[in-house]
Amino acid sequence: MSEGTAPPAGDATSVADEQARERLLYLRGSIDNLDAALVHLLAERFKCTQQVGELKARHNLPPADPAREATQIARLRRLAEDAKLDPAFAEKFLNFIIGEVVRHHKAIADQEIGRDDAPGRRDVTIG
Ligand SMILES: C=C(O[C@@H]1C=C(C(=O)O)C=C[C@H]1O)C(=O)O
């Protein structure tokens, strides 16, 4: 068979190819559903971390908590191992997300410092 030419209909190769195409479409449908679930899960996580960031900024707590992060990473590595997911990948993924969260928390803290009614803020008279 020359390249780019479909095999005759009903041919064993064409049936196998058609089944492979159907399976590929089916699997891609599941991948799309899972990607959508991941986006929704991440959106919910960021809604929570946004509130944590605001709480920390209002109470002058540091944006990052390395002890908490270490506990989460150890836990996620264990969960990944149980789920037959590469724990190094799970760690990298969580670190990526936490890095973004901490960046948001720093931005929220910077905004809080700039607020007129921020606790502890004193007006300085110059001159
Ligand atoms: C959300 C928090 O802030 C930061 C972000 C974390 C996260 O995204 O899980 C964990 C620890 C902190 O470095 C927190 O302190 O709980």
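Under the annotation held in an unreviewed UniProt entry, the protein chain carries the name Chorismate mutase and is attributed to Streptomyces chrestomyceticus.

A. Looking closely at the site of the ligand. Around the ligand, the structure places 14 residues, and the nearest of them are Arg 45, Lys 56, Asp 65, Glu 69 and Gln 72. For the ligand, an oxygen atom lies 2.7 Å from a polar atom in the side chain of Lys 56. Measuring from an oxygen atom of the ligand, one finds a side-chain N or O atom of Gln 72 at 2.8 Å. Within the complex, the protein chains bury 90% of what would otherwise be the 360 Å² of accessible surface of the ligand. Assessed atom by atom at 2 Å from the grid points, the ligand resides in the second largest pocket. Only α1 (12-58), α2 (66-82) and α3 (87-114) provide two or more residues apiece to the shell around the ligand. Among the residues forming the shell around the ligand, the class breakdown is six nonpolar, three polar and five charged.

B. Structural detail: the packing of aromatic side chains. The full count for this structure, using the stated rule, is one aromatic pair. Pairing Phe 89 with Phe 93 gives two aromatic rings, centres 6.1 Å apart and planes at 15 degrees, and the pair type is stacked. Residue Phe 89 and its partner Phe 93 are located together in helix α3, separated by four residues, close to a single helical turn. The class of Phe 89 is partly exposed, set by a relative accessible area of 44%. The class for Phe 93 is partly exposed, based on a relative accessible area of 36%.

Definitions and cut-offs
Residues numbered from 1 in each chain as written. Predicted model: local features only at pLDDT ≥ 70, side-chain atom pairs only at ≥ 80, totals over all residues. Heavy atoms only, no water. Near = heavy atom within 4 Å. Polar contact = N/O pair within 3.5 Å; in protein donor to acceptor, adjacent residues only side chain to side chain. Areas by Shrake-Rupley, 256 points an atom, 1.4 Å probe, with all protein chains shown as cover. 1 Å grid on protein atoms, 1.4 Å probe; cavity = no way out; pocket = protein on both sides within 12 Å on 5 of 7 lines; lining within 4 Å. Sits in = over half its atoms within 2 Å of the grid points. Helix = DSSP H or I, 4+ residues; strand = E, 2+ residues; numbered from the N terminus. Nonpolar A, V, L, I, M, F, W, Y, C, P; charged D, E, K, R; others polar. Phe/Tyr/Trp six-rings, centres within 6.5 Å; stacked < 30°, edge-to-face > 60°. Buried < 20%, exposed > 50% of the residue type's maximum accessible area, 1.4 Å probe, protein only.

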